[in-house]
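Remarks on the overall topology
The residues making up each chain are set out below.
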Amino acid sequence: MRKILLSILVLLAVCSCTKPKYTDEPFFRLEYSRGANRFADEDYGREERWYFGRFYSSRASGPCFNFKPLNDTVRLAGFCLEVNSEDYFRFDISSTEAFFYDGKKYSFRHDPGSTVYGPVTLTHNNRGYYPISGDFCFTRLKESAIDRFLLKFNFDCFDPYGQDTIKIRDGFLTLCRRYTESNTSERLQRMMLYEK
């Protein structure tokens, strides 16, 4: 019994002394223009305590890259992430193939009266906006030690109830290794391919 108690105390001491990984880096960086205003945000997380030490929680949530089953034999690449910032973004992007090409610009267009769920949903001033047109692309970042990948985007989002349109321009969402450390590099390699 004494050995078990001593082992537990040693384990607790080791866990509490372990330095959290990447705490000097943000989980994500978000920057975009809405109208004439430029917005920028970095999330370094909120420290929370647990039985075996502390951890940091991000304002972003979601699996990033994943597969979306279309039927029994076809799977599409998906990117899912919710970012709680000045505006609340919910990215739910699908590729027509099982991957995204690195650097390829993807465009879309929807009917302004439609509330079809597209690549992004935007909440601004407690009102939901749906995409009617825009473009986006993913890029792997190798020049920086902390960056995993970058999502560039431009969206025109429409509020069907207020009949209002918001234009989001020059958007950049960088997800750093602190957020994506649970995703393996092999998985990211599979989901993003260099264009031939």
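Residues numbered from 1 in each chain as written. Predicted model: local features only at pLDDT ≥ 70, side-chain atom pairs only at ≥ 80, totals over all residues. Heavy atoms only, no water.

Some points on the pairing of strand 2 (residues 37-43)
Note the cut-off: Two strands qualify as a pair provided that DSSP identifies no fewer than 2 bridges between them. Counting from the N terminus, the helices are the DSSP runs of H or I reaching at least four residues and the strands are the DSSP runs of E reaching at least two.
Here strand 1 (residues 28-34) pairs with strand 2 via seven bridges, running antiparallel. Opposite Glu31, over in strand 2, you have Ala40 as the bridge partner. Counted between consecutive antiparallel strands, the loop separating strand 1 from strand 2 contains two residues, among which Gly35 sits at a positive phi close to 65°.

Re the nonpolar core
One broad rule of soluble globular proteins: the nonpolar side chains tend to lie buried together. Note the cut-off: Take the buried Ala, Val, Leu, Ile, Met, Phe, Trp, Tyr and Cys residues and link them wherever side-chain atoms come within 4.5 Å; each set so joined is a nonpolar core. With a 1.4 Å probe rolled over the protein chains alone, any residue whose accessible area is under 20% of its type maximum counts as buried; one over 50% counts as exposed, and the rest are partly exposed. Should any heavy atoms of two residues lie within 4.5 Å, those residues are considered in contact.
If you look at the biggest cluster of nonpolar residues, it comprises 35 residues, and the most contacted ones within it are Phe79, Phe91, Phe136, Phe138, Phe153 and Leu173. With five residues, strand 12 (residues 147-159) is the largest single contributor of residues to this core. If we ignore the near neighbours within four places in the chain, the residues touching Leu173 are Phe28, Arg29, Leu30, Phe79, Leu81, Val83, Phe91, Phe149, Leu150, Leu151 and Phe153.

Regarding the confidence of the model for the protein chain
Put simply, the rule reads: Confidence scores here are pLDDT values: one per residue, from the predictor, ranging 0 to 100.
Looking at the protein chain as a whole, its pLDDT mean stands at 80, while 77% of the residues score no less than 70. Averaged pLDDT values for the elements of the protein chain fall to 55 in helix 1 (residues 2-17) and rise to 95 in strand 1.

Observations concerning the pairing of strand 4 (residues 53-57)
Across five bridges, strand 3 (residues 46-50) lies against strand 4 in antiparallel orientation. Its bridge partner being in strand 4, Arg49 is matched across the sheet by Arg54. Here strand 3 folds back onto strand 4, and the loop between the two strands holds two residues.

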